[in-house]
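Residues per chain, in single letters:
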Amino acid sequence: MTSETTRSVIERFNAAFNRHDADSLSDLLTEDTVFENTGPPPDGLRIEGKAAVVQFWREWFIRNTDSIFEAEDTIVSGDRAVVRWIYRKSRNGQPWHLRGIDVFTVRDGKVAAKLAYVKG
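In this text the structure is predicted, and so the values were computed from the model without any measurement.

Undergrad: I tried to follow the pairing of strand β6 (residues 110-118) on my own but got confused; where do I start?
TA: Side-chain direction in a regular strand flips from residue to residue, so the side chains alternate between the two faces of the sheet. The sheet contact formed by strand β1 (residues 29-36) and β6 spans four bridges and is parallel. Its bridge partner lying in β6, Phe-35 is registered against Lys-114. For strand β5 (residues 94-107) and β6, the ladder comprises eight bridges, and the chain directions are antiparallel. By the bridge assignment for β6, Val-103 is matched with Leu-115. Connecting β5 to the next strand, β6, in antiparallel fashion are two residues, including Asp-108 with a positive phi near 50°.

Undergrad: Looking at this structure, I do not really get the pattern of salt bridges. What am I missing?
TA: Charged atoms that come close allow side chains of opposite charge to pair. Per the stated rule, a full pass over the model turns up ten salt bridges. A salt bridge links Arg-107 to Asp-32; the nearest nitrogen and oxygen atoms lie 3.1 Å apart. Taken as a pair, Arg-107 in strand β5 and Asp-32 in strand β1 lie far apart in primary sequence, 75 residues in all. Overall, Asp-32 belongs to the partly exposed group, its relative accessible area being 44%. Sharing partners across several salt bridges, the network here consists of Glu-36, Arg-46 and Glu-48.

Reading guide: rules and limits
- Residues numbered from 1 in each chain as written.
- Predicted model: local features only at pLDDT ≥ 70, side-chain atom pairs only at ≥ 80, totals over all residues.
- Heavy atoms only, no water.
- Pairing = 2+ DSSP bridges.
- Helix = DSSP H or I, 4+ residues; strand = E, 2+ residues; numbered from the N terminus.
- Salt bridge = Lys/Arg side-chain N within 4 Å of Asp/Glu carboxyl O.
- Buried < 20%, exposed > 50% of the residue type's maximum accessible area, 1.4 Å probe, protein only.

All quantities given are derived from atomic positions and should not be read as evidence of function.
In structure tokens:
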């Protein structure tokens, strides 16, 4: 897997995520994909398998209709990528944000793992 391929997959993934397009995300996931959410503390929720991950995000998009992730930096090496991001949405009618990173593994042109971490 080349770094260029990995970067392309991650860019398509992030674009689909910001469109809240669960069907496009599904096309970019391996069948055995793993997602680790930032919560609940201390270790976050781990979801395994494409169907379960896509269902989680479908429900998440419904609850977070105005959410967007802004990639601040993307570091790619082979089949791995780290994306430093700002998550923005409204909370109680006011702008709100959170900063964090995602650690991705890409296999055969699809996301095999997305592990999310946030700043305190």
